[in-house]
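# Commentary on secondary and tertiary structure
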Amino acid sequence: MSNATCSATRWTASPEDCLELQRQHVELARLSRISQFLIYDDENFPAYLLSVLTDPTHLFTRPSDASGVRGFCHLRKVDEVLFVNNIFIASADRQLGAGTKLLHETLLMGDTLCPTIELDVLESNMTARSWYQRLGFEELHRARWSSLGTPGIATSHPDIRVRPDRKGFSQIYSGDTRIGTRVGRMAILATPDFADFLGAQDFDEIVVRTQADKERGHEPAIEISIRLRADVSRVLEKLAK
């Protein structure tokens, strides 16, 4: 298949496309157990999409209008690694090979090729895990999403601040160190060390995302995300079959 015959098309950096992309991200998130911890519903998400749609390190594609398929693929180039942020096909169009075709044609667009491709998949998503395994992806490591419950009644530590990043999302800092992200009334931390500093007047729930092999206590696991890696050439070969 060549670029000339590729039926995947790029999303435009328009407000309409940003809103439709947000709707599809929300549909995708609702398929997972961690949907309430994602930023796709955030009012700043369309503005974020508008900024990355014109960023050459990002590539957003969708099936051509003629296909009648709703979906998107989002690739991000990080050094010499091509990262699949998300790939989504609407429920009515699944099981028709649309996802395979979209990923194949997106990789063939040429300006995003890297020797290695990585992605995260949820442990509970057996269909996606099986698909990626058939494409030659192998597991690198796992991350454990755990709930630390509700914060204490005490006032937040004076060193803890919440401030927007360049994309408008709310990040949680201890001094100058980012320790997590605020999503609605939830705090998502990269380590539980700061959980006791967050007050109930600011948050309703604290969630921590840590490496799965670093068990800390017996907090209930919400979900496990698995990082996968493969050679781009091998994935292309598998997708072409």
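Because the structure is predicted, anything quoted here is derived from the model rather than measured. Residue numbers run consecutively from 1 along every chain, following the written order of its sequence. With pLDDT at 70 or above as the cut-off, local features in this predicted model cover only qualifying residues; side-chain atom pairs require 80 or more to be listed or tallied, and sums for whole chains, interfaces and linings still use all residues. Side-chain numbers come from the whole structure's heavy atoms, not from hydrogens or water.

## Some points on the domain arrangement of the chain
Once the domains are mapped, the chain shows domain 1 (8-141 + 227-240) and domain 2 (144-223). A domain assignment, automatic or from a database, supplies the domain bounds used here. Each of domain 1 and domain 2 has a C-alpha centre, and the two are 27 Å apart. A contact between two residues is defined here by any heavy atoms of the two lying within 4.5 Å. Taken together, the contacts link 16 residues of domain 1 with twelve residues of domain 2. Using a 1.4 Å probe, buried area is obtained as the accessible area two parts lose upon being combined, added over both of them. Summing both partners gives a buried area of about 1300 Å² for domain 1 against domain 2, and 67% of it is carried by carbon and sulfur. Counting the surface domain 1 buries against domain 2, the share from its top three residues, Ile34, Phe37 and Ile39, is 43%. For this document, the term salt bridge refers to a Lys or Arg side-chain nitrogen within 4 Å of an Asp or Glu carboxyl oxygen. If you look at where domain 1 meets domain 2, you find zero salt bridges. Pairs of N or O atoms within 3.5 Å make up the polar contacts considered here, provided that, within protein, one atom can donate a hydrogen while the other can accept it, and that residues adjacent in sequence are counted only when both atoms are side-chain atoms. One can count three residue pairs in polar contact (both at pLDDT 80 or more) joining domain 1 with domain 2. Runs of H or I in DSSP of at least four residues are treated as helices and runs of E of at least two as strands, each being numbered from the N terminus. Counting residues per element, the ones that place at least two in the side of domain 1 that touches domain 2 are α2 (45-52) and β5 (116-122). Ranked by the residues each element gives to the side of domain 1 that touches domain 2, the list is headed by α2, at four residues.

## Brief notes about the sheet that holds strand β11 (residues 205-211)
Two strands qualify as a pair provided that DSSP identifies no fewer than 2 bridges between them. With mixed pairing, twelve strands are arranged side by side in an open sheet as β1-β2-β3-β4-β5-β12-β6-β11-β10-β9-β8-β7. In this open sheet, the two edge strands, each paired with only one partner strand, are β1 (8-10) and β7 (160-164). Within the sheet, the average angular offset between the axes of one strand and its neighbour, ignoring direction, is 30°. On top of the sheet, helix α4 (residues 126-134) reaches β4 (81-89), β5, β6 (138-149) and β12 (221-231); it is set at about 160° to β5, its chief contact. Lines fitted to the C-alpha atoms define the axes, with helices restricted to the stretch that makes contact. Angles between their N-to-C directions range from 0 to 180 degrees.

## Focus: the packing of helix α3 (residues 98-107) against helix α5 (residues 232-240)
Put simply, α3 and α5 touch, their axes get as near as 10 Å, and they point 135° apart. Taken together, the axis directions place α3 and α5 in an arrangement best described as oblique. By crossing handedness, the relation of α3 to α5 is classed as left-handed. Contacts from Thr100, Leu103, His104 and Leu107 in α3 reach Val235, Leu236, Leu239 and Ala240 in α5. Class assignment of the residues belonging to the contact of α3 with α5 gives a composition of six nonpolar, two polar and no charged. These descriptions rest on fixed angle ranges, namely under 35 degrees for roughly parallel, over 145 for roughly antiparallel, 65 to 115 for roughly perpendicular, and the rest for oblique. Left-handed describes a crossing whose near helix is turned anticlockwise from the far helix through less than a right angle; right-handed describes the clockwise counterpart. Any residue outside Ala, Val, Leu, Ile, Met, Phe, Trp, Tyr, Cys, Pro, Asp, Glu, Lys and Arg is labelled polar, Gly included; the first ten of those are nonpolar and the last four are charged.

## Some remarks on the environment of Asp196
Relative to the helices and strands, Asp196 is located in the loop between β10 (186-189) and β11. Linking Asp196 and His157, residues 39 residues apart in sequence, is a C-alpha distance of 8.5 Å.

## Thoughts on helix α1 (residues 15-29)
Helix span, expected: 1.5 Å multiplied by one less than the number of residues in the helix. Between its first and last C-alpha, α1 extends 21 Å over 15 residues, near the 21 Å set by a 1.5 Å rise per residue. The set of residues buried in α1 consists of Asp17, Cys18, Glu20, Leu21, Gln22, Gln24, His25, Val26, Leu28 and Ala29. Taken together, the buried residues of α1 touch α2, β2 (58-63), β3 (71-78) and β4. Relative accessibility under 20% of the residue-type maximum defines a buried residue, over 50% an exposed one, and the middle range a partly exposed one, all with a 1.4 Å probe and only protein chains included.

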